[in-house]
Amino acid sequence: MNTYIASKNNLLQFTVNKKQVSKSKVLKTSILYDKIEATVHSSLSFHKESASLSFKSIEFDIIKKAYLNDNLIISNKIKKMSDTEVILNITVSKKEEKQNIICKAVFGYSLQKAS
């Protein structure tokens, strides 16, 4: 089996705007998820067999709330890539304070072999 750990980092930065928050000015979970998913798909598009990947699992842990006008960085790193799977670690943090983590997630994909 050909397993290796990749160090490619993929970043997305954005500022939370009025359309992305609830009445209490908290970032909507669905918006955060969509932004995370976009960075994951961007990373997977570099995989030579990305069309053969199928969604396998997700862990999604919101640690803190993000608010209107927060500057956020979504960073994803390919943790594991093998003949059978790809696993990505995702971290969302405030731009000003990289230790101020808003959310952590892990996305797993299976590689479907052609018959």
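Here the structure is shown first, and the text comes after it.
A brief report on the enclosed structure follows. Keep in mind that what you see is a predicted model, and the values were worked out from it rather than measured. (Residues numbered from 1 in each chain as written. Predicted model: local features only at pLDDT ≥ 70, side-chain atom pairs only at ≥ 80, totals over all residues. Heavy atoms only, no water.)

**Describing unusual backbone geometry**
Selection rule: For helices the rule is a DSSP run of H or I covering at least 4 residues; for strands it is a run of E covering at least 2, with both sets numbered from the N terminus onward. Each residue is assigned to one of three classes by its accessible area relative to the maximum for its type, calculated with a 1.4 Å probe on protein chains only: buried under 20%, partly exposed between the two thresholds, exposed over 50%.
Even without glycine at this site, Lys 25 takes up a positive phi of about 65°. Take Lys 25: it is sitting in the loop between strand 1 (9-15) and helix 1 (29-44). For Lys 25, a relative accessible area of 49% translates into the label partly exposed. In this structure, Asn 69 takes a positive phi of about 75° despite not being glycine. Within the secondary structure layout, Asn 69 lies in the loop between strand 2 (53-62) and strand 3 (71-81).

**Points about the packing of aromatic side chains**
Cut-off, in case you're wondering: Whether two aromatic rings pair depends on their centres lying within 6.5 Å, for rings of Phe, Tyr and Trp, where Trp uses its six-membered ring; planes under 30 degrees apart make the pair stacked, over 60 edge-to-face, and the rest tilted. Consider the ring centre and the ring normal. A charge sits over the ring if Lys NZ or Arg CZ is within 6 Å of that centre and within 35 degrees of that normal.
The final tally for this structure, using the stated rule, is four aromatic pairs. A ring pair is formed by Phe 55 and Phe 107, whose centres lie 6.3 Å apart and whose planes are at 70°; its orientation type is edge-to-face. Separated by 52 residues along the polypeptide, Phe 55 in strand 2 and Phe 107 in strand 5 (residues 101-111) bring together distant segments of the chain. The interplanar angle of 75° and the centroid separation of 5.6 Å between the aromatic rings of Phe 55 and Tyr 109 together place this pair among those described as edge-to-face. In this pair, Phe 55 sits in strand 2 while Tyr 109 sits in strand 5, placing the two residues 54 residues apart along the sequence. Taking the relative accessible area as the measure of exposure, Tyr 109 reaches 5% and is therefore buried. Lying across the ring of Phe 14, Lys 35 places its NZ or CZ 4.8 Å from the centre.

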